[in-house]
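Residues per chain are reported as follows:
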Amino acid sequence: MTDTDPLIVSALLDTETQAGLDAQRQRLFPSKRLVVGAHLTLFHALPGGRADEVVAALDELTARPPIAGRVRAPFALGRGVAYRIEAPGLDAVHAAIARRFAGDLTRQDSRRPHHHVTVQNKVDPETAKATLAELVASHAPYPATVTGLALWRYRGGPWESVREFPFRGEG
């Protein structure tokens, strides 16, 4: 690949969890700003010119089993709402990618990850506050499984899917 647009790495969630979060995002996100489905981003801007190396790294890291996790309580983003995702095994995956591309990480990508899925953003604070109250009142933590990783190209708004990397190990 020779494209230099930034690369995004996200975690793939089990089908049921993904469908539920997608449905909430579809309902709560401003439609004019909804360019991608619900996602758990691990890296926002890996170097596009190193795509072959990123692909190789993701292929190596997905030789492991799926990662058990939980969808925790929703929290405020100021102008939106997200769910915390607890998946300790995902921290090790993030750390391995961060070490491999340390010299090319943005400030955002070099920070310790706080895994989450945003279901609402870019709304006024009052709407976000009402959404948070609604989601907190109806939420109970539930299990989720991280089933792999996905690689995307950032195209100035929309994301272009490059490839998915399912976890291949026995769990």
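All figures in this text were calculated on a predicted structure; none of them were measured in a lab.

Chemist: Would you mind showing me how to read the overall build of the protein chain here?
Modeler: Regarding its fold elements, the protein chain presents five helices and seven strands. Counting helices and strands in the order they occur from the N terminus, the protein chain gives β-α-β-α-β-β-α-α-β-α-β-β. Over its C-alpha atoms the protein chain spans a radius of gyration of 16 Å, differing by no more than 12% from the 16 Å that the globule rule assigns to 171 residues. Considering the protein chain as a whole, with its 171 residues, one finds that 43% of them fall into the buried category. Restricting to contacts in the protein chain with at least 6 residues of sequence separation, those with at least 24 account for 78%. Summing over all exposed atoms, the protein chain offers an accessible surface of approximately 8,900 Å²; the carbon and sulfur share of this is 52%.

Chemist: What exactly am I supposed to notice about the pairing of strand E7 (residues 159-166) here?
Modeler: Working note: regular strand, side chains alternate between the two faces of the sheet. Where strand E6 (residues 142-154) lies against E7, seven bridges are found, and the strand directions are antiparallel. Counted as the bridge partner of Leu-151 is Arg-163 from E7. Where E6 folds back onto E7 in an antiparallel hairpin, the turn is made up of four residues, including Gly-156, whose phi is positive at roughly 70 degrees.

Chemist: Help me understand the packing of aromatic side chains, please; the structure alone is not making it clear to me.
Modeler: Within a pair of aromatic rings, the relevant descriptors are the distance that separates the centres and the angle that separates the planes. All told, the structure shown has one aromatic pair when counted by the stated rule. With a centroid separation of 5.5 Å and 65 degrees between ring planes, the pair formed by Trp-152 and Trp-159 is classed as edge-to-face. For Trp-152, a relative accessible area of 21% corresponds to the partly exposed category. A relative accessible area of 18% means that Trp-159 is categorised as buried.

Chemist: How should I be thinking about the layout of surface pockets in this particular structure?
Modeler: Approximately 770 Å³ is the volume attributed to the largest pocket. Lining the largest pocket are 27 residues, with His-39, Thr-41, His-44, Gln-108 and His-116 positioned closest to its centre. Listing elements by their share of the lining of the largest pocket, those giving two or more residues are strand E2 (40-46), helix H4 (107-110) and strand E5 (116-120). Broken down by element, the residue count for the lining of the largest pocket peaks at four residues, all from E2. Broken down by class, the residue content of the lining of the largest pocket amounts to ten nonpolar, eleven polar and six charged.

Chemist: Just to check I follow, could you spell out the pattern of salt bridges for this structure?
Modeler: A side chain of one charge can pair with a side chain of the opposite charge when the charged atoms of the two come close. Under the defined criterion, the tally for this structure stands at eleven salt bridges. One salt bridge connects Arg-155 with Asp-5, and the closest N-O pair in it is separated by 2.5 Å. Of the two residues, Arg-155 sits in the loop between E6 and E7 while Asp-5 sits in the segment before strand E1 (7-13), which places them 150 residues apart along the sequence. Arg-72 is the partner of Glu-86 in a salt bridge, and the nearest nitrogen-oxygen pair spans 3.0 Å. Taken as a pair, Glu-86 in strand E4 (residues 81-86) and Arg-72 in strand E3 (residues 67-76) lie far apart in primary sequence, 14 residues in all.

Calculation notes
Residues numbered from 1 in each chain as written. Predicted model: local features only at pLDDT ≥ 70, side-chain atom pairs only at ≥ 80, totals over all residues. Heavy atoms only, no water. Helix = DSSP H or I, 4+ residues; strand = E, 2+ residues; numbered from the N terminus. Rg over C-alpha atoms; globule rule 2.2 N^0.38 Å. Buried < 20%, exposed > 50% of the residue type's maximum accessible area, 1.4 Å probe, protein only. Contact = heavy atoms within 4.5 Å. Areas by Shrake-Rupley, 256 points an atom, 1.4 Å probe, with all protein chains shown as cover. Pairing = 2+ DSSP bridges. Phe/Tyr/Trp six-rings, centres within 6.5 Å; stacked < 30°, edge-to-face > 60°. 1 Å grid on protein atoms, 1.4 Å probe; cavity = no way out; pocket = protein on both sides within 12 Å on 5 of 7 lines; lining within 4 Å. Points joined across faces, edges and corners; volume = space filled by probe spheres on them. Nonpolar A, V, L, I, M, F, W, Y, C, P; charged D, E, K, R; others polar. Salt bridge = Lys/Arg side-chain N within 4 Å of Asp/Glu carboxyl O.

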